[in-house]
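Residues per chain are reported as follows:
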Amino acid sequence: MMKWLIGVDLGGTQLRVIRTDHRGKIHAQERVPTAAADGPTAVVEQIEALINAVTSAIDRAAITGVGVGAPGPVDPVAGVVLETPNLQGWRNVPLRALLEERITLPVTIGNDANAAALGEWLFGSGQGLHHFVYVTISTGIGGGVIMHDQLLLGRNGGANEIGHMTIQRDGPVCGCGNVGCWEALASGTALARAATLALNRGRDSLIPQLADAEPIKAQHVAAAARRADPLAQRLIAQAGELIGIGMVNLLHIYAPERIAVGGGMAKDWDLFAPHVRRIVVEDAMPPYRTTPIEPARLGGNVGVLGAAALVTQHTGLAAQRDRP
Ligand SMILES: [Zn+2]
């Protein structure tokens, strides 16, 4: 009998649910705008309805479990969403218990970045590896780490807030309140801010024309760099170097076989890659210098496939839960 995984990607704006096989092939999917303003009960009802929709054509006995990727800090052992700024009224929500009550299937929940790492490892560029790091670079920087074929969770699932490693002690203020975090320096938001500052100083560039009166984003800088705009090329080089510094730290700490990069910035990875590689070759110790750092493969499906991949962690988490 075909066995199924259900993946629930709970985003602040969109809720997406899939049914996939154990190889990461999606067979059914549904999505709705998240009822974020209506509190946890309304969202739990939405999740239940979408799970019913993607499982209507199959025998529910063939479902291995349901995985839910949620934004912000999540305690995967307790099954609790601790806090999430994107969802109103979500504080210490026992999401696993709430869902299991309704759908009578085993539920595993996790932080969305950890879920994405797990998904990319099982179904994407990390397949077959034992030690793997996934980094997502978009408005912020997040990620997850697989070591010895296991997702690294740490106490209360709090490991690997890689976006908040300090890169520059006197750098810009980060959303977390600290100064000079990797995400404050090397995220898409940081690149857009650097571009805006340079343009405000009167620098000549194609970037404003490409932004077409919209606020400048990282993708506009990348597009200008592709047209050989000197300012954009310099900004990309700086961003690539800052990304590279964080990558050197990750290589030294985790010694992965590969680092995969997802998120919005990964679409322009070919532009950043030479600068990242230069910093890695300059700064990393010799055994770490040749580790591939490449774009992730799951693209827009990384959230839902990652959530489905969380199901594979269920047994291990249950064992931790039951430990006296
Ligand atoms: Zn920070």
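Rules behind the numbers
Residues numbered from 1 in each chain as written. Predicted model: local features only at pLDDT ≥ 70, side-chain atom pairs only at ≥ 80, totals over all residues. Heavy atoms only, no water. Phe/Tyr/Trp six-rings, centres within 6.5 Å; stacked < 30°, edge-to-face > 60°. Lys NZ or Arg CZ within 6 Å of the ring centre and 35° of its normal. Donors = N, O, S within 2.8 Å, 3.2 Å for Na, K, Ca; no water. Tetrahedral: all angles 85-135°; square planar, octahedral: opposite > 155°, others 65-115°. Buried < 20%, exposed > 50% of the residue type's maximum accessible area, 1.4 Å probe, protein only. Pairing = 2+ DSSP bridges. Helix = DSSP H or I, 4+ residues; strand = E, 2+ residues; numbered from the N terminus.

### Examining the packing of aromatic side chains
Item 1. Following the criterion strictly, the structure yields one aromatic pair and no others.
Item 2. Sitting over the ring of Trp-4, Arg-19 keeps its end group 4.4 Å from the ring centre.

### So, the coordination of the zinc ion
Item 1. Those donors, His-164 (ND1), Cys-174 (SG), Cys-176 (SG) and Cys-181 (SG), are the protein atoms that reach the zinc ion, and they lie 2.0 to 2.4 Å from it.
Item 2. Metal-centred angles of 104 to 123° between the four donor atoms at the zinc ion mark the site as tetrahedral.
Item 3. The sequence pattern formed by the donor residues of the zinc ion is H-x9-C-x1-C-x4-C. For the pair shown, Cys-174 and Cys-181 are each scored as buried.

### Thoughts on the pairing of strand E6 (residues 80–83)
Item 1. Of the strand pairs in this sheet, strand E5 (residues 74–75) and E6 are connected by two bridges, and their pairing is antiparallel. Directly across from Asp-75, in E6, lies its bridge partner Val-80.
Item 2. Remark: four residues form the turn of the hairpin made by E5 and E6, two consecutive strands paired antiparallel; Gly-79 in that turn has positive phi of roughly 75°.
Item 3. Pairing of E6 with strand E7 (residues 91–93), which is carried by two bridges, proceeds in the antiparallel orientation. When the sheet's bridge partners are listed, Val-81 is paired in E7 with Val-93.

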